[in-house]
Amino acid sequence: MELFLLSNGKLSGESELLGYARPQLRAMIERRNITSALLIPYALIRSDYDQRAEELAQTLGITVSSIHHAASPAAAIEQAECILISGGNTWMLNQQLHEQGLIVPIQRAVRERNVPYVGWSAGCNVATPSIRTTNDMPVRNSVVLPALGLFPLQINPHYIDAHISGHMGETRDERLAEFCAVNPSESVVALREGSLLRVSGNDLHYFSAREQGFKVFRHGQEPQEYHDTLALRPLVSFDCH
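This is a predicted model, so every value here is computed, not measured.

Please explain the pairing of strand 5 (residues 117–120) as it appears in this structure.
Across a regular strand the side chains alternate sides, sitting on one face of the sheet and then on the other. Burial of the side chains of strand 5 extends over both faces: Tyr117 and Gly119 are buried on one face and Val118 and Trp120 on the other. Where strand 1 (residues 2–6) lies against strand 5, four bridges are found, and the strand directions are parallel. Bridging from a neighbouring strand, Phe4 pairs with Val118 of strand 5.

Looking at this model, I keep getting lost on the sheet that holds strand 5. Mind explaining?
Either a parallel or an antiparallel arrangement is found when strands of a sheet pair, and the pairing is made through backbone hydrogen bonds. The strand order across the open sheet built from eight strands is 3-2-4-5-1-8-9-12, with neighbouring strands paired in mixed fashion. Strand pairing shows two members of the sheet lacking a second neighbour, strand 3 (63–66) and strand 12 (239–240), which therefore form its edges. Of the strands in this sheet, strand 2 (36–40), strand 3, strand 4 (83–85) and strand 5 touch helix 2 (residues 49–60), which is tilted by about 160° from strand 3.

What exactly am I supposed to notice about the pattern of salt bridges here?
Close approach of charged atoms allows side chains with opposite charge to pair. Within the structure shown, the criterion is met by 15 salt bridges. Taking the shortest distance from any N to any O, the salt bridge between Glu186 and Arg132 comes out at 2.7 Å. Of the two residues, Glu186 sits in the loop between helix 7 (172–182) and strand 7 (188–190) while Arg132 sits in the loop between helix 6 (122–125) and strand 6 (154–156), which places them 54 residues apart along the sequence. In this structure Glu186 comes out as partly exposed when scored by relative accessible area, which is 23%. Two residues, Arg192 and Glu225, come together in a salt bridge whose shortest N-O distance is 3.2 Å. Note that Arg192 is positioned in the loop between strand 7 and strand 8 (195–200) and Glu225 in strand 11 (residues 224–226), a separation of 33 residues in sequence. By relative accessible area, Arg192 is classed as buried at 10%.

Can you walk me through the sheet that holds strand 11 in this structure?
The four strands lie next to each other as 6-7-10-11, forming an open sheet whose pairing is mixed. Taken across any chain shown, the strands that pair with only one partner, and hence form the sheet edges, are strand 6 and strand 11. When strand polarity is set aside, the average angle formed by the axes of neighbouring strands in this sheet is 30°. Pairing of strand 10 (residues 214–217) with strand 11, which is carried by three bridges, proceeds in the antiparallel orientation.

I would appreciate a short explanation of the packing of aromatic side chains in the present structure.
For any pair of aromatic rings, geometry is given as the distance between the ring centres together with the angle between the planes. This structure, assessed with the given rule, holds four aromatic pairs. For the pair Tyr159 and Phe217, a centre-to-centre distance of 6.0 Å together with 65° between the ring planes defines the contact as edge-to-face. Of the two residues, Tyr159 sits in the loop between strand 6 and helix 7 while Phe217 sits in strand 10, which places them 58 residues apart along the sequence. Classification of Tyr159 by relative accessible area gives buried; the value is 2%. A ring pair is formed by Phe214 and Tyr226, whose centres lie 6.0 Å apart and whose planes are at 40°; its orientation type is tilted. Remark: Tyr226 occurs in strand 11 and Phe214 occurs in strand 10; sequence separation between them is 12 residues. By relative accessible area, which is 0% here, Phe214 ends up buried. Members of the aromatic cluster, connected to one another through ring pairs, are Tyr206, Phe214 and Tyr226.

Please explain the side chain of Ser86 as it appears in this structure.
By secondary structure assignment, the location of Ser86 is in the loop between strand 4 and helix 4 (90–99). A distance of 2.7 Å separates the side chain of Ser86 from the side chain of Arg52, its partner in a polar contact. Not counting the four nearest positions on each side in its chain, Ser86 is found in contact with Leu39, Ile40, Pro41, Ala43, Leu44, Arg52, Leu93, Trp120, Ala122 and Gly123.

Parameters at a glance
- Residues numbered from 1 in each chain as written.
- Predicted model: local features only at pLDDT ≥ 70, side-chain atom pairs only at ≥ 80, totals over all residues.
- Heavy atoms only, no water.
- Buried < 20%, exposed > 50% of the residue type's maximum accessible area, 1.4 Å probe, protein only.
- Helix = DSSP H or I, 4+ residues; strand = E, 2+ residues; numbered from the N terminus.
- Pairing = 2+ DSSP bridges.
- Contact = heavy atoms within 4.5 Å.
- Axes fitted to C-alpha atoms, helices over the stretch in contact; angles between N-to-C directions.
- Salt bridge = Lys/Arg side-chain N within 4 Å of Asp/Glu carboxyl O.
- Phe/Tyr/Trp six-rings, centres within 6.5 Å; stacked < 30°, edge-to-face > 60°.
- Polar contact = N/O pair within 3.5 Å; in protein donor to acceptor, adjacent residues only side chain to side chain.

Right, here's the structure in full:
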């Protein structure tokens, strides 16, 4: 299995989409002789699907087409060399994946055909068991929580532990602690901007363009920060590095 689960699409001040992960992505593309990728852009609400595909083509150096042009989205997944799932609104994205009948085709493509999966922000969220740890608003009345389950732990992208002066609402740490209190058997990996988890075969690696760590939230424990995935060894079946 080949997963790139990115916290976000761009770093502050960075113009290129996925620029901070470009060397790793291009190395994977070259190693696997990939010439094209399929974009699933359903999370985008106020952006153009084809423009997003063009941005990704420039970053990755391959042809990128958007799934909304396909007569059969499920068939497009079956023919894809690489699957790209854009950030945006997680609720909208997950709902569309279910309504378009793409959950099982994506799972089979990634698990059985070893098709690389690259997801950032919302695209990272839907790779986990559910979207309960998204930061987004449920903009639709009909919502679906279960997601693709390609990665076994919940992820919270765009994680920030800064305290904003004058903000009286719950901090991100408090929200994630609430999740763990309600779901004491589950853990949450909190990814800061410019960071990613990568699964290649059965190996799990962590990368941060800013050399920052990620946090793990578990019920009854203080959240801890780590710079490698060894701390996740008791929680996943991957070989952690």
